[in-house]
Amino acid sequence: MHPAITALLAPRQPVGLPVWRSLWDALHAGTLRRGEAVALLASLATSPPDADTAEALLDSLNERRPPVRPVPGGCVNVVGTGGGPRTFNVSTAAAFVAAATGLPVVKTGARTYSGGRGSFDLLELLGIPLASGHDDVEEALDRHGLAFAGYFVYPAELALLARAVLPLQLREIGRFVNVLGPVLAAAPATAQLTGVSDPGVLDLLRRLAARRGGARVWFCTNDVGADELTGFADDVLHPADGPPVRLADLGLPDVSGSLADLRPPPPGTDPVADFHDVLAGRRGPVATHVVCLNAAAMRVVADPATRWPDALAAAREAVASGAASDLLTRMRAERSGRRRAVAAGG
């Protein structure tokens, strides 16, 4: 058994940078056995590693990846750790609304590992492709002001681990990918809003984000366990390098609601039509407020000098005017048009 895996298993011992380097060398060389890969992912999925181990893990992966190519003008990312109560995909809806206000957005995400639909699952249903590289990101930003970064932003070692455990479903052991995903992904963004469903990992994520540097990262938590701002719970914003701020102290409009207002579409409902309803404000006032609140937070984390009421008003206008829904329609139509062109050419 590789020393990294032995140390991660009980009783746990810190895993240093040289040991992580040795593990990735073995993975790339094809000498890491399938059982070792399964044990590694299972251990990481059971509970996040200690802070020193996580820092060494992040450093060992970052030193192997190519440098991030900056996007002119700066962009903001919105992403969550998953877990918690099931809701419709608030962060993806907020990305559309924020982009419709003129804020450039490069969103990262993943498939779900805990049921429901992750952002990648939803985008597949919508027919919107993931960017496969920086050129795709820049093209999408030029055309729409919104890009969905694909797997290229994650360390290549994650894909190698996934292949190493086949045919075992990563859904069963992929929790750590969601939990640490917001700090593992190297998105070409200058700011990031990160929803955290489990407050127990907040300190670790803040420490890792501060260590990584680069993008300005704010985390958000609440007392209902959702990985997004809600407006009706006790929402708290946690800058990676500053004191926490309670949303209730910002003087924003109060909203009475519950998680039932954010429920995913029921079985038998067309998820594409439902997502159009979300962006058009037809999901109800609470759902609209929650999406606009997260879009406003994206604007503020991108430029902290922005007044919250102004950011919220801009997001509401993007929904009320149909700009957010129109953006979704254009992006879907573009993909459909390209498919028809390819079929005609073939």
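Structure first, text after, so check above.
Cut-offs used in this document
Residues numbered from 1 in each chain as written. Predicted model: local features only at pLDDT ≥ 70, side-chain atom pairs only at ≥ 80, totals over all residues. Heavy atoms only, no water. Core = buried A, V, L, I, M, F, W, Y, C linked by side-chain atoms within 4.5 Å. Buried < 20%, exposed > 50% of the residue type's maximum accessible area, 1.4 Å probe, protein only. Contact = heavy atoms within 4.5 Å. Helix = DSSP H or I, 4+ residues; strand = E, 2+ residues; numbered from the N terminus. Expected span 1.5 Å × (residues − 1). Polar contact = N/O pair within 3.5 Å; in protein donor to acceptor, adjacent residues only side chain to side chain. Salt bridge = Lys/Arg side-chain N within 4 Å of Asp/Glu carboxyl O. Phe/Tyr/Trp six-rings, centres within 6.5 Å; stacked < 30°, edge-to-face > 60°. Axes fitted to C-alpha atoms, helices over the stretch in contact; angles between N-to-C directions. Parallel < 35°, antiparallel > 145°, perpendicular 65-115°, else oblique. Left-handed = near helix turned anticlockwise from the far one by under 90°. Nonpolar A, V, L, I, M, F, W, Y, C, P; charged D, E, K, R; others polar. Disulfide = S-S within 2.5 Å.

Draft legend 1. Broad picture of the nonpolar core. Core analysis: the largest hydrophobic core is formed by 58 residues, its most contacted members being F96, V97, L146, L193, M298 and W308. With sequence-adjacent residues up to four places away left out, M298 is seen in contact with V76, V78, A94, A95, A98, L103, V105 and L193. By size, the runner-up hydrophobic cluster in this structure holds 56 residues, among which are L61, A147, A209 and F219.

Draft legend 2. Highlighting helix α4 (residues 51-62). With 12 residues, α4 extends 16 Å from end C-alpha to end C-alpha; this agrees with the ideal 16 Å at 1.5 Å per step. On its buried face, α4 is in contact with α1 (3-8), α2 (17-29), α8 (156-164), α9 (175-184) and α10 (202-212). At the N-terminal end of α4, a side-chain oxygen is found 3.1 Å from the backbone nitrogen of D52, two or three residues along, and the residue is D50.

Draft legend 3. Examining the side chain of T81 more closely. One can find T81 in the loop between β1 (76-80) and α5 (90-100). One polar contact links the side chain of T81 to the main-chain amide nitrogen of S197, over a distance of 3.2 Å. Leave out the neighbours within four places in its chain, and T81 touches N178, V179, P182, G195, V196, S197, L205 and D227.

Draft legend 4. Quick look at the pattern of salt bridges. For the structure on display, the rule yields 13 salt bridges. One salt bridge in this structure joins R64 and D25, with 2.6 Å as the shortest N-O distance. Highlighted residues: R64 in the loop between α4 and β1 and D25 in helix α2, separated in sequence by 39 residues. On the basis of relative accessible area, R64 is assigned to the partly exposed category, the value being 31%. The exposure class assigned to D25 is partly exposed, which follows from its relative accessible area of 45%. In this structure, R207 and E55 form a salt bridge, with 2.6 Å as the shortest nitrogen-oxygen distance. With a gap of 152 residues between them, R207 in helix α10 and E55 in helix α4 connect regions that are remote in the sequence. Look at the salt bridges and you will find they share partners, linking D52, E55, D59, R207 and R211 into a network.

Draft legend 5. Examining the packing of aromatic side chains more closely. As enumerated under the stated definition, the model contains 4 aromatic pairs in all. A ring pair is formed by F96 and F275, whose centres lie 5.8 Å apart and whose planes are at 70°; its orientation type is edge-to-face. Pair noted here: F96 is in helix α5 and F275 is in helix α11 (residues 271-279), with a separation of 179 residues, a long-range link. Like F275, F96 is buried. Connected via pairs of aromatic rings, a cluster forms that spans F96, F148 and F275.

Draft legend 6. Looking closely at the packing of α2 against α8. Where α2 contacts α8, the axes come no closer than 10 Å and their chain directions differ by 60°. Comparing their axes, α8 and α2 come out oblique. The handedness of the crossing between α2 and α8 comes out as left-handed. Seen from α2, the contacting residues are W24, L27 and H28; seen from α8, they are E157, L160 and L161. Within the contact of α2 with α8, the residues separate by chemical class into 4 nonpolar, 1 polar and 1 charged.

Draft legend 7. The state of the cysteines, seen in detail. Enumeration according to the criterion identifies 0 disulfides in this entry. In this structure C220 is a free cysteine whose sulfur lies 15 Å from that of C292, the closest cysteine sulfur available. For C220, a relative accessible area of 1% gives the class buried.

Draft legend 8. Summary view of the environment of V300. Mapped onto the secondary structure, V300 falls in helix α12 (residues 285-302). Overall, the relative accessible area of 2% leaves V300 in the buried class. Along the primary structure V300 and V255 are separated by 45 residues, whereas in three dimensions their C-alpha atoms are 20 Å apart. Sequence-distant contacts of V300, defined by excluding residues within four places in its chain, comprise W218, T306, W308 and A311.

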